[in-house]
Amino acid sequence: MYDVAIVGGGILGLATGRELLSRTPGLQLLLLEKEHRPASHQSTNNSGVIHSGIYYRPGSLRADLSRRGATLLREYCSLHAIPYRRTGKLVVAVDERELPLLDDLRQRAADNGVAAVALLSADGIRQHEPNCTGLRALYVPETSVIDYGAVAATFADEIARAGGTIVTDAAVLGSERRDGAVALQTATQEFEAKRVVACAGLGSDGVARALGGASFPRVEPIRGEFLVLRPELGPLVNACIYPVPNPRFPFLGAHVTPRIDGSIWFGPSDIAQPDVLAAVQRFIPSLQASDTLPGPLGIRAQGVDERDCYVDDFAFERSDRIVQVRNAPSPAATSCLAIAQHVADLLSAAE
């Protein structure tokens, strides 16, 4: 019997595994991942941005865990020689209607303790980014880019070195409460653990049913497509460039990311803005379709509540011996180490 079983081997499950093993050396830990390898879904199909925490409602888990998580992640990467780069970020208002929203975002950044955020004029935007056009922008120097796949791989290595067991091709199909344990059934094998953590991302609904969890929040998969700048065109931008967020949707909008490998991504598309090129041309009007190539596809696991409304905060469910991460969209990767600490605390309280 294992002390703890983690269902889901994305970056959150891996971060939680290493956190639990660091707190309790010798812990008998099992991590079950339904795919052939860990971190093959959202964890490695995203923009690769370490967010600063400016967007989220002050006092919310997203605000608190993203701020703490970004600091923890940069410290972790420095300790383990994982490359990251501080690019900074511009959040650009391109028409008058967006200026009050930009002012609100500046106040939210201050409320969340994001340091050194500056308001730029149209000339200031061009000085930072000659190819970018807008009326005003917020400049956020803390924003960084990273390869989250490298982070997840390092977490997995730490788990293995600490004696944890990672089993792939092991989707959890059902469970049974037993005296002092939870039995997890897969297609080929049963595993028993004293306590269970579920970090199943896109599979959260099915895992919640298997573990006897609540019906909500349910997961709505939201497809997002990226474009990539043709590599021969050279550096188009230096910093990440984002639109002012649409207050009707909990998404950050199609943005420009100078990635850690030197490539430049545009996107992702979403419900509010399905045309990536048109969205980016609002603040980089010189960009043409011929400058881009089709990029990767990502799917965001967005929680929806009983009223069919998007859940705008991280959500966790705790019951006897089981803790489930029920909603963890962006900035979950940024927040992964802080979320892992939060989950470990909830698990201790669920004993």
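Everything numeric here is computed off the predicted structure, so don't read it as measured data. (Residues numbered from 1 in each chain as written. Predicted model: local features only at pLDDT ≥ 70, side-chain atom pairs only at ≥ 80, totals over all residues. Heavy atoms only, no water.)

Trainee: Looking at this model, I keep getting lost on the sheet that holds strand E3 (residues 49-50). Mind explaining?
Mentor: Pairing between the strands of a sheet comes from backbone hydrogen bonds, and it takes one of two forms, parallel or antiparallel. Across the sheet, which stays open at both edges, the three strands sit in the order E3-E8-E4 with antiparallel pairing between neighbours. Whereas interior strands pair on both sides, the edge strands pair on one side only; in this sheet they are E3 and strand E4 (84-86). Note: E3 against strand E8 (residues 144-146), two bridges, orientation antiparallel. Residue pairing in the sheet places Ile50 in a bridge with Ser144 of E8. The strands touched by helix H2 (residues 61-80) are E3, E4 and E8; relative to E4, the strand with the most contacts, the crossing angle is about 130 degrees. (Pairing = 2+ DSSP bridges. Helix = DSSP H or I, 4+ residues; strand = E, 2+ residues; numbered from the N terminus. Contact = heavy atoms within 4.5 Å. Axes fitted to C-alpha atoms, helices over the stretch in contact; angles between N-to-C directions.)

Trainee: Before we go on, may I ask you to explain helix H3 (residues 99-111) in this structure?
Mentor: Side chains of residues three or four places apart in an α-helix project in the same direction, reflecting 3.6 residues per turn. The end-to-end C-alpha separation of H3 is 18 Å, in line with the 18 Å expected for 13 residues at 1.5 Å each. Those residues of H3 that sit buried are Leu99, Leu102, Leu105 and Ala109. Around the axis of H3, the buried residues are gathered within 110 degrees of arc, so they sit on the same side. Close packing links the buried residues of H3 with strand E5 (89-93), strand E6 (118-121) and strand E7 (136-140). Of the residues one or two after H3, Gly113 is the one with positive phi, at around 75 degrees. (Expected span 1.5 Å × (residues − 1). Buried < 20%, exposed > 50% of the residue type's maximum accessible area, 1.4 Å probe, protein only. Arc of directions from axis to C-beta.)

Trainee: What exactly am I supposed to notice about the pattern of salt bridges here?
Mentor: Once their charged atoms are close, side chains differing in charge can pair, the charge on each being opposite to the other. Per the counting criterion, the structure on display carries 19 salt bridges. In this structure, Arg218 engages Asp308 in a salt bridge whose closest nitrogen and oxygen atoms are separated by 2.5 Å. With Arg218 in strand E13 (residues 218-229) and Asp308 in the loop between strand E17 (292-304) and strand E18 (315-319), this residue pair connects regions lying 90 residues apart in the sequence. By relative accessible area, Arg218 is classed as partly exposed at 27%. Given the relative accessible area of 52%, Asp308 is considered exposed. A network of salt bridges, in which partner residues are shared, links Asp95, Arg97, Glu98 and Arg282. (Salt bridge = Lys/Arg side-chain N within 4 Å of Asp/Glu carboxyl O.)

Trainee: How should I be thinking about the side chain of Asp95 in this particular structure?
Mentor: Here Asp95 is to be found in the loop between E5 and H3. Polar contacts involving the side chain of Asp95 include one to the main-chain amide nitrogen of Arg97, which spans 3.0 Å. (Polar contact = N/O pair within 3.5 Å; in protein donor to acceptor, adjacent residues only side chain to side chain.)

Trainee: What am I meant to see in the layout of surface pockets here?
Mentor: Summary: where empty space remains is shown by rolling a probe the size of a single water molecule over the atoms. Roughly 590 Å³ of internal volume is contained in the second largest pocket. In this structure, the second largest pocket is lined by 23 residues; those nearest its centre are Tyr55, Arg108, Pro245, Pro247 and Phe249. For the lining of the second largest pocket, the element with the most residues is H3, which contributes four residues. Across the lining of the second largest pocket, the residue classes tally to 12 nonpolar, three polar and eight charged. (1 Å grid on protein atoms, 1.4 Å probe; cavity = no way out; pocket = protein on both sides within 12 Å on 5 of 7 lines; lining within 4 Å. Points joined across faces, edges and corners; volume = space filled by probe spheres on them. Nonpolar A, V, L, I, M, F, W, Y, C, P; charged D, E, K, R; others polar.)

Trainee: Please explain helix H8 (residues 336-349) as it appears in this structure.
Mentor: Between its first and last C-alpha, H8 extends 20 Å over 14 residues, near the 20 Å set by a 1.5 Å rise per residue. Residues of H8 that are buried: Cys336, Leu337, Ala338, Ile339, Ala340, Val343, Ala344, Leu346 and Leu347.

Trainee: Just checking my understanding: could you explain the pairing of strand E11 (residues 181-185) for this structure?
Mentor: The two faces of a sheet get side chains in turn, since along a regular strand they alternate between them. Most of E11 sits out of view: four of its five residues are buried. Counting the residues between successive antiparallel strands, the hairpin from strand E10 (residues 174-178) to E11 contains two residues, one of them, Gly180, with a positive phi of roughly 75 degrees. Where E11 lies against strand E12 (residues 190-198), four bridges are found, and the strand directions are antiparallel. Paired with Leu184 across the two strands is Phe191, which belongs to E12.

Trainee: Can you walk me through the packing of helix H1 (residues 11-23) against helix H5 (residues 148-161) in this structure?
Mentor: Interaxial distance between H1 and H5 falls to 9 Å at its minimum, and their mutual angle equals 35 degrees. Of the two elements, H1 crosses H5, and the hand of that crossing is left-handed. Within the contact between the two elements, H1 uses Ile11, Leu14, Ala15, Gly17, Arg18 and Leu21 and H5 uses Tyr148, Val151, Ala152, Phe155, Ala156, Glu158 and Ile159. (Left-handed = near helix turned anticlockwise from the far one by under 90°.)

Trainee: What should I look at first to understand the packing of H2 against H8 in this one?
Mentor: Relative placement of two packed helices is described by the angle separating their axes and the distance separating the axes. In contact at an axis separation of 6 Å, H2 and H8 are set at 115 degrees when each is read in the N-to-C sense. Here Leu61, Leu65, Arg68, Gly69, Leu72, Leu73 and Tyr76 of H2 lie close against H8, whose contacting residues are Leu337, Ala338, Ile339, Gln341 and His342. For the contact of H2 with H8, the class distribution of residues is eight nonpolar, three polar and one charged.

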